[in-house]
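Each chain, letter by letter, is given below.
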Amino acid sequence: MTVVCPAPMKATSNGAWQGDNPLDYALPLAILQICLVVVFTRSLALLLRPLRQPRVIAEIIGGILLGPSAFGRSQKFLHTVFPARSMTVLDTLANIGLLFFLFLVGLELDIRAIRHTGKKALGIAVAGISLPFLLGVGTSVVLRATISRGVSTGPFLVFMGVSLSITAFPVLARILAELKLLTTDVGRMAMSAAAVNDVAAWILLALAIALSGTNTSPLVSLWVLLTCAAFLVFAILVLRPALALMARRSPEGEPIKELYICATLSLVLASGFATDCIGIHALFGAFVVGIIVPKDGPFAGVLIEKIEDLVSGLLLPLYFVSSGLKTNVATIKGAESWGLLVLVIFTACFGKIVGTLVVSLIVKVPFREAVTLGFLMNTKGLVELIVLNIGKDRKVLNDQTFAILVLMALFTTFITTPIVTAVYKPARKAKPYKHRTIQRNDLDTELRMLACFHSTRNIPSMINLMESSRGTRSRGLCVYAMHLMELSERSSAISMVHKARMNGIPFWDKKRPDHDQIVIAFEAYQQLSRVCIRPMTAISALHSIHEDIYTSAEEKRVALILLPFHKHQRLDGTLESLGHSFHLVNLRVLQKAPCSVGILVDRGLGGATQVPAKDVSFEITAFFFGGRDDREAVAYGARMAEHPGIVLTLVRFLLPHHQPEGNNKSFMMMGMSTKNNNNNNKISNGDHQMTIGDVGMEDVEEEEKRADEEFLNKYLSSSAYDNKESLSSSLMIKYEEKVVGGREEIVGVMKGVSKCNLFLVGRMPPAAPLLDGSSSTDCPELGPVGSFLASSDEISTTASVLVIQQYNPAAAANNNNQLLHPALVVEDDDQEIDMSV
């Protein structure tokens, strides 16, 4: 009998107009496949986002649905989009993407962190590997007696043990970050144990591949293992010094030479070729090169930036489709097959959960946390699919066994997030504290601020603002400087998480040789000033990072949260948006903050560098229309005026019918005390105090006016000079009252005092005349005055704007009884960090 093989596919077509079908040619068909896979898997990821599932779940499900289990049941679809003769090209592209992805995984896996794994995490990792591996070996006996008859015993036992004992480190990191558990004891132990598990899984997989060759002679497997060991020695002694040399010649702040990037990527391919020749799969060569690349310096980060988007976004999803095309759920039919599926799922879950639970209880981990650890360690992912695909390619796993194990990996990963959310709720009542505003009765108490920033661009202005706010009190200023870092689906996000976790070591650890410009800037400022700086890091998705901010503010008992505006100033003076997501972060913090909030529109306060304390010479203008927010802004300005290099100009706007008697139009005060009333919970009227809930709207308005008068009298009247000894330096405050009747007059007054360094305004003052055509609708977080100052061309474009919203206990009353989850924050503090829940 003669068999006619189809001709190989040509690369490109002549086009449809010349009678060619593009789908009969390799390149256009591959392009269609990639586009279809990316659109389909990303759409599934959006659908699964409300369930807080990692993207790998959507990619696995998408691969299965495109295969013979769903859409592939249509032979027309399968033969048109995924014909058999195109699978060689598809598998080649998928494996190239997988090759470089494993290189990225190696780049992100820091062996130094694994060497310092604690005893608890190491014990949990060993238990999480050994018991599932033994149960996998037992399950393999049942499968060989039923649906896997005739397969080689040794390789099948190892493949089953490995597939049941794997924990997916990247997937687990994203789940922990999504649930905000990375900084808890549970998250620390889970990440450390998963890193150990990851390395052990690759060693076991190498053993399984060595045993699964077509030649059954044990000498061949021995030669494979010995040659593999020789390759590892060569990589450590020869390749590692070469990579270290390139890393040393790539200093911080300078572009990496294109030759070094090309040489490293070529080395990845060459190592893959070498390990494929050895017989342990090309993936191992790429993985080893990723591990031996030096992690310090910018070299590894640049490599990740060069390849991760192309690999993770386009090529890697092809691997999931390639797996899905091999997965046919229809092969699981009959009571026996479904019973075996239940058995495999039960065995995988039982081994991981019980093994982890027992060892966790032995090392005195609380029961609820031990159960949570068990489910977290049961997470599967890409490595599981790699094991199963290699087993299928090596004829160790048949179609039915392969489908059962793929569904097992999908099920165990899918249940992790909902079960952990239900079992482990690290929630506690927020501890009440008194000083939630800058305006307070006792000014000698410490002022705590939480200063947030996105990048190094915000740091000079933030430090200059801290220097201006330090005051002259015996108990001065404590600033928690929080670096807001977005956790995305990109591969490098896991590297960031891994550095932040480091088995509980702070993100900015002084013992590590990392040269972080942010750390250096804050440490240098702290040494040169009396301000206490405590760096922190928040790692979360932008849609939930506001929770980290206000939860940290609650835990650190801060009085003011400083946020950067979502727009930064370009060289031509215009404001350029950083993105709508950053805008939403500020709005959400304003809504639920447990203290006062300030938003800084940065136009280079003090210039592009830190200004030394002796050289500080700032002019600050505060506009006072009245109301809670304006009082808070003036209270903050008065504290800033304690600095010997700062002059505060306080401009009060009055309507024609509201002119208090006895007030001068313009005068200057020096050496006055800034003692004032705390209006957090009540509106004061002499000796009588009344809550807002006790009066109507008209009474509230009248009480607000009285509160404004009392507040300013405390600052401006002669009775404010009683406690001069509490100040180590005099205050320079200029006070002006301006009677205005409309927008034009207000703008005219603002122009007259616009030659300053910083505007201080309240977010929501009763500034009705200014609302007429001047407020910006796209920046509600700045309020009418702040929006006008930030966006108007009529006022100075060189002065920064700080918009302040005072904490309102009445508005926050609905949130007082809510449970707060620990924020994803890593603090740099000399004291021991208590991460218990």
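The preceding data block contains the structure.
Summarised in this report is the structure supplied together with it.

The rules behind each value
Residues numbered from 1 in each chain as written. Predicted model: local features only at pLDDT ≥ 70, side-chain atom pairs only at ≥ 80, totals over all residues. Heavy atoms only, no water. Helix = DSSP H or I, 4+ residues; strand = E, 2+ residues; numbered from the N terminus. Buried < 20%, exposed > 50% of the residue type's maximum accessible area, 1.4 Å probe, protein only. Contact = heavy atoms within 4.5 Å. Areas by Shrake-Rupley, 256 points an atom, 1.4 Å probe, with all protein chains shown as cover. Expected span 1.5 Å × (residues − 1). Arc of directions from axis to C-beta. Pairing = 2+ DSSP bridges. Right-handed = clockwise from strand over helix to strand, strands pointing away. Salt bridge = Lys/Arg side-chain N within 4 Å of Asp/Glu carboxyl O. Patch = residues over 30% accessible without salt bridge, like charges linked within 9 Å, V, L, I, M, F, W, Y side chains within 5 Å. Core = buried A, V, L, I, M, F, W, Y, C linked by side-chain atoms within 4.5 Å. Phe/Tyr/Trp six-rings, centres within 6.5 Å; stacked < 30°, edge-to-face > 60°. Lys NZ or Arg CZ within 6 Å of the ring centre and 35° of its normal.

Details of the overall build of the chain
Here comes step 1: When its secondary structure is counted, the chain shows 29 helices and 16 strands.
Here comes step 2: The buried share of the chain, reckoned over its 837 residues, is 57%.
Here comes step 3: Partitioning the contacts of the chain with sequence separation of at least 6, the portion at a separation of at least 24 is 82%.
Here comes step 4: Surface accessibility of the chain: about 35,800 Å² in total, with carbon and sulfur atoms responsible for 58%.

Let's talk about helix α11 (residues 258-278)
Here comes step 1: Its 21 residues place the ends of α11 30 Å apart at the C-alpha level, agreeing with the 30 Å of an ideal helix rising 1.5 Å per residue.
Here comes step 2: Those residues of α11 that sit buried are Tyr260, Ile261, Thr264, Leu265, Leu267, Val268, Ser271, Gly272, Thr275 and Ile278. An end-on view of α11 places all buried positions within 145 degrees of arc, on one side of the element. Opposite the buried face of α11, by more than 90 degrees, sit the exposed residues Glu258, Leu259, Phe273 and Cys277.

Considerations on the pairing of strand β8 (residues 618-624)
Here comes step 1: Most of β8 sits inside the fold, with six of its seven residues counted as buried.
Here comes step 2: When β8 meets strand β9 (residues 646-654), the two strands line up parallel, connected through seven bridges. Bridging across to β9, Ile620 finds its partner in Leu648.
Here comes step 3: After leaving β8, the chain enters helix α24 (residues 628-640) and then returns to the sheet as β9, a path that is right-handed.
Here comes step 4: Bridge count between β8 and strand β14 (residues 758-762): three bridges; the pairing is parallel. Opposite Ala622, over in β14, you have Leu760 as the bridge partner.

Description of the environment of Ala622
Here comes step 1: Tracing the chain through its elements places Ala622 in strand β8.
Here comes step 2: Residue contacts for Ala622: discarding those within four places in its chain leaves Leu648, Thr649, Leu650, Val651 and Leu760.

Observations concerning the pattern of salt bridges
Here comes step 1: Scanning all chains against the criterion turns up eight salt bridges.
Here comes step 2: The partner of Asp24 in a salt bridge is Arg85, and the shortest N-O contact between them spans 3.4 Å. Of this pair, Asp24 sits in the segment before α1 (26-48) while Arg85 sits in the loop between α3 (75-81) and α4 (87-108), and the two are 61 residues apart along the sequence.
Here comes step 3: Residue class for Asp24 comes out partly exposed when judged on its relative accessible area of 35%.

Some points on a nonpolar patch on the surface
Here comes step 1: A cluster of nonpolar side chains, contributed by Val233, Phe234, Ile236, Leu237 and Val238, occupies part of the molecular surface with about 470 Å² of accessible area.
Here comes step 2: Checked against the element boundaries, Phe234 lands in helix α10 (residues 218-248).
Here comes step 3: Of the residues examined, Phe234 reaches a relative accessible area of 43% and is grouped as partly exposed.

Quick notes on the side chain of Thr417
Here comes step 1: Looking at the secondary structure, you find Thr417 in helix α18 (residues 416-423).
Here comes step 2: Classification of Thr417 as buried rests on a relative accessible area of 2%.
Here comes step 3: Sequence-distant contacts of Thr417, that is, excluding residues within four places in its chain, are made with Leu51, Arg52, Gln53, Ile175 and Leu179.

Considering the nonpolar core
Here comes step 1: Core analysis: the biggest nonpolar cluster contains 141 residues, and Phe103, Leu205, Val293 and Ile386 have the highest contact counts within it.
Here comes step 2: With 15 residues, the single largest contributor to this core is helix α9 (residues 185-211).
Here comes step 3: Apart from residues lying up to four places away in sequence, Phe103 is in contact with Thr264, Val268, Ala286, Val289, Gly290, Val293, Leu303 and Ile307.
Here comes step 4: Formed by 49 residues, the second largest nonpolar core is a distinct cluster that contains Tyr433, Val597, Met750 and Ala799.

Remarks on helix α2 (residues 55-66)
Here comes step 1: Taking 1.5 Å per residue as the helical rise, α2 with its twelve residues ought to reach 16 Å, and the 17 Å between its terminal C-alpha atoms agrees with that figure.
Here comes step 2: Of all the twelve residues making up α2, ten are buried; the element is thus mostly covered by neighbouring parts of the structure.
Here comes step 3: Of all the residues in α2, the buried ones are Arg55, Val56, Ile57, Ala58, Glu59, Ile60, Gly62, Gly63, Ile64 and Leu66.
Here comes step 4: Each element contacted by the buried residues of α2 is listed here: α1, α3, α8 (169-179), α13 (299-326), α16 (382-393) and α17 (399-414).

Re the packing of aromatic side chains
Here comes step 1: Applying the stated criterion across every chain yields a total of eight aromatic pairs.
Here comes step 2: Geometrically, the ring pair formed by Phe623 and Phe759 is stacked, given 5.6 Å between the ring centres and 25 degrees between the ring planes. Of this pair, Phe623 sits in strand β8 while Phe759 sits in strand β14, placing them 136 residues apart in sequence.
Here comes step 3: Ring centres of Phe624 and Phe711 lie 6.4 Å apart, and the angle between their planes is 10 degrees; on these two criteria the pair is classed as stacked. Here the residue Phe624 occupies a position in strand β8, and Phe711 occupies one in helix α25 (residues 697-716), the gap between them amounting to 87 residues.
Here comes step 4: Of the residues examined, Phe711 reaches a relative accessible area of 3% and is grouped as buried.
Here comes step 5: Joined through ring pairs, the aromatic side chains of Phe40, Phe71, Phe77 and Phe82 make up one cluster.
Here comes step 6: The ring of Phe402 is capped by Lys392, whose NZ or CZ atom sits 5.9 Å from the centre of that ring.

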